[in-house]
Number of protein chains: 2
Amino acid sequence: MSSTAAVDGPPVRGGRRTPADKYDERRTQLAISALATLGELGYARTSLREIAQNSEFSHGVVHYYFADKFELITHCVRYYKAQCVTRYDGLVAESTTAEELLTRFGDKLVETLTTEAPMHRLWYDLRTQSMFEEQFRPDVLMIDVTLEDMIGRVVLRYAELAGRPLVMDVPTIYALLDGVFEKALLGHLTGDEDAGARLRARVLDLLPRLLG
Amino acid sequence: MSSTAAVDGPPVRGGRRTPADKYDERRTQLAISALATLGELGYARTSLREIAQNSEFSHGVVHYYFADKFELITHCVRYYKAQCVTRYDGLVAESTTAEELLTRFGDKLVETLTTEAPMHRLWYDLRTQSMFEEQFRPDVLMIDVTLEDMIGRVVLRYAELAGRPLVMDVPTIYALLDGVFEKALLGHLTGDEDAGARLRARVLDLLPRLLG
DNA sequence: CCCATGTCTTGACGGTTGTCAAGAATTTTC
DNA sequence: GAAAATTCTTGACAACCGTCAAGACATGGG
């Protein structure tokens, strides 16, 4: 009856206990392999065997650290979120004028568009999956508000530096920027070499118009 | 050797020829069943057997009318496009003032958000799939410019009626509206009952700001 | 050194998928 | 109405999926 399935946290049996950090380290390691695979193949074509093959382990180990596929994906998504939330915090803290903040924001957007394209398309993939599969919704919606807050910190600081109020609320502005970014991502992935430049131009034009 | 696979158009064998309209009718019939299934389950979870089960035929007939799964999906997507392109043409032709056009556009957006949600999430699903699978890109990009043109007709007419120019180009405006609509769709599908009202309010606020 | 515990590999299971062939059923043609 | 062509059903195939159990391997404490 010694089941090897991971159900809730590190195995605690016979009085001894796996060091939690070692356990979490493996989970994170697998999550990184999973994210790489998901970013390359998308959710629909990613299997647990493919994920394991992109790691240094065999396919059985996935079930040792995660109860099922959904728990793995969820863990990946949470890990991914923690990585990208602080993406713009540096430039928000350091910029001293509205113009500087705006140009640095535009540059950073283009940079992440080109260097982290697989992660971005994965995010859009998972967000769309949540439109079909109820299981994904809690995590996706949580990440979405986290990203919204991240964008909110940028534009609120931008308005503050400009000394003018925003004419729209943050959720609306997030939706606008998200639409522009998603279009740029699609363009970038389909071979449009000007996608990055266009994204920058659009954001640099859009944000000043959002000031009252 | 009498293969039953559909490879290129209606079977032409032995001098006789299937009436093309009958053949196309069946293909369209299957495409409609496929669209219903895809809109309900999403691309990742839709199988050919499931599609056939949602039609009045058995699962083998799919391969008789379509060479493979990809050709079926492509046919669906083309059929879908033809349906939704003219969605706003009526209100563009009939509206006599900018205000009327704007309110009717907002109403129509909310209506399609609620009554055609499965088709909309399918579109976002397929567009995201095209970020991963090269096969989908030609058709997706074609539909995307078609939708862009559709939105373009609305906002260009809106600017014309208002007697003022647009401060952005049509692709940018399409991206902005798309972001707002996608957010509303996600909200609507996750139980947000105010998603429609918020969508309308945002569009009614946004469009006037795009006039010079 | 031995044994208990934690970790990982291997191989298998039931189920599902896209595909396709063989033939039955239907329709069309003469 | 017979013959031929088209249309559809049935059943099978190889491959793949998530899951899981049995056991090999590694590790550390006694």
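One numbering rule holds for all chains: residues counted from 1, following each sequence as written. Chain letters and ligand numbers both follow the written order, the letters beginning at A and the numbers at 1. Confidence filtering applies because this is a predicted model: local features only for residues at pLDDT of at least 70, side-chain atom pairs given and counted only at 80 or more, and all residues used for totals across whole chains, interfaces and linings. To get the side-chain values, take all heavy atoms of the structure and skip hydrogens and water.

> Got a sec to walk through the confidence of the model for chain A? Specific residues and values, please.
All names here are of chain A. Per residue, pLDDT measures the predictor's confidence, with a range of 0 to 100. Scored by pLDDT, chain A has a mean of 91; 91% of the residues are at 70 or more. When checking whether two residues touch, look at their non-hydrogen atoms; a contact exists if any pair is within 4.5 Å. Between residues 1–5, whose pLDDT stays under 50, and residues either more than four places distant or in other chains, the model counts four contacts. In this model, residues 13–17 is a region of pLDDT below 50 whose contacts with residues beyond four sequence positions or in other chains number five contacts.

> Describe the interface of chain B and chain A, with residues and values.
In this assembly, 43 residues from chain B lie in contact with 43 residues from chain A. Each partner contributes to the roughly 3,600 Å² buried at the junction of chain B and chain A, and carbon and sulfur atoms together form 62% of this total. Of all residues in chain B, Met131, Phe132 and Leu186 of chain B give up the largest surface area on contact with chain A, accounting jointly for 21% of the area buried on that side. A side-chain nitrogen of Lys or Arg and a carboxyl oxygen of Asp or Glu constitute a salt bridge if their distance falls within 4 Å. Where chain B touches chain A, the interface holds eight salt bridges. Salt-bridge contacts for Lys183 of chain A lead to Glu148 of chain B; the nearest nitrogen and oxygen are separated by 2.7 Å. By convention, the term buried area covers the 1.4 Å-probe accessible surface removed from two parts as they join, with the contributions of both added.

> Talk me through the packing of aromatic side chains; I want residue IDs and the actual numbers.
Two aromatic rings, drawn from Phe, Tyr or Trp (for Trp, its six-membered ring), form a pair once their centres lie within 6.5 Å of each other, and the interplanar angle then sorts them: stacked below 30 degrees, edge-to-face above 60, tilted otherwise. Summed over the entire model, instances satisfying the criterion amount to ten aromatic pairs over all chains. Note on Tyr23 of chain B and Tyr65 of chain B: the rings are 5.3 Å apart at their centroids and 50° apart in plane angle, and the pair reads as tilted. One end of the pair, Tyr23 of chain B, is in helix 1 (residues 20–41); the other, Tyr65 of chain B, is in helix 3 (residues 61–65), and 42 residues separate them in sequence. Both residues of the pair, Tyr23 of chain B and Tyr65 of chain B, count as buried. Ring plane angle 85° and centroid distance 5.5 Å describe the contact between Tyr43 of chain B and Phe136 of chain B, whose orientation is recorded as edge-to-face. Here Tyr43 of chain B, found in the loop between helix 1 and helix 2 (48–53), pairs with Phe136 of chain B, found in the loop between helix 7 (117–132) and helix 8 (137–162); they are 93 residues apart in sequence, far enough to count as distant. Just as Tyr43 of chain B is buried, Phe136 of chain B falls in that class too. Pairwise contacts between aromatic rings join Tyr23, Tyr64 and Tyr65 of chain A into one cluster. We count a stretch as a helix when DSSP gives it H or I for four or more residues in a row; a strand needs E for two or more, and each element gets its number in order from the N terminus. Categorising residues by exposure relies on relative accessible area from a 1.4 Å probe, with only protein chains included: less than 20% of the type maximum marks a residue as buried, more than 50% marks it as exposed, and the intermediate range marks it as partly exposed.

> Tell me about the relation of the copies chain B and chain A, residues and numbers included.
Each copy is superposed on the other by least squares, with the fit set by C-alpha atoms of residues at a pLDDT of at least 70 in both. With an RMSD of 0.1 Å, the operation that places chain B on chain A is a rotation of 180° combined with a shift of 0.0 Å along the axis. Such a combination of rotation and displacement between the chain copies is what one expects of a two-fold axis. The rotation axis passes nearest to the C-alpha of Gly179 of chain B in chain B, at a distance of 1.8 Å. Both copies share a contact surface, since 100% of the interface residues of chain B are interface residues in chain A too.

> Can you tell me about the packing of helix 8 (residues 137–162) of chain A against helix 9 (residues 170–189) of chain A, naming the residues and giving the values?
Residue and element names in this part refer to chain A. Axis lines are fitted through C-alpha atoms, for helices just across the contact stretch, and the angle between N-to-C directions can take any value from 0 to 180 degrees. Contact pair helix 8 / helix 9: the axes reach a minimum separation of 9 Å and the direction vectors enclose 100°. One finds that helix 8 runs roughly perpendicular with respect to helix 9. Two secondary-structure elements touch here, helix 8 through Asp144, Leu147, Glu148, Ile151, Gly152, Val155 and Leu156 and helix 9 through Val170, Pro171, Ile173, Tyr174 and Leu177. Amino acid classes used here: Ala, Val, Leu, Ile, Met, Phe, Trp, Tyr, Cys and Pro are nonpolar; Asp, Glu, Lys and Arg are charged; the rest, including Gly, are polar. The residue inventory of the contact of helix 8 with helix 9, partitioned by class, reads nine nonpolar, one polar and two charged. Orientation labels follow simple angle bins: below 35 degrees gives roughly parallel, above 145 gives roughly antiparallel, 65 to 115 gives roughly perpendicular, and whatever is left gives oblique.

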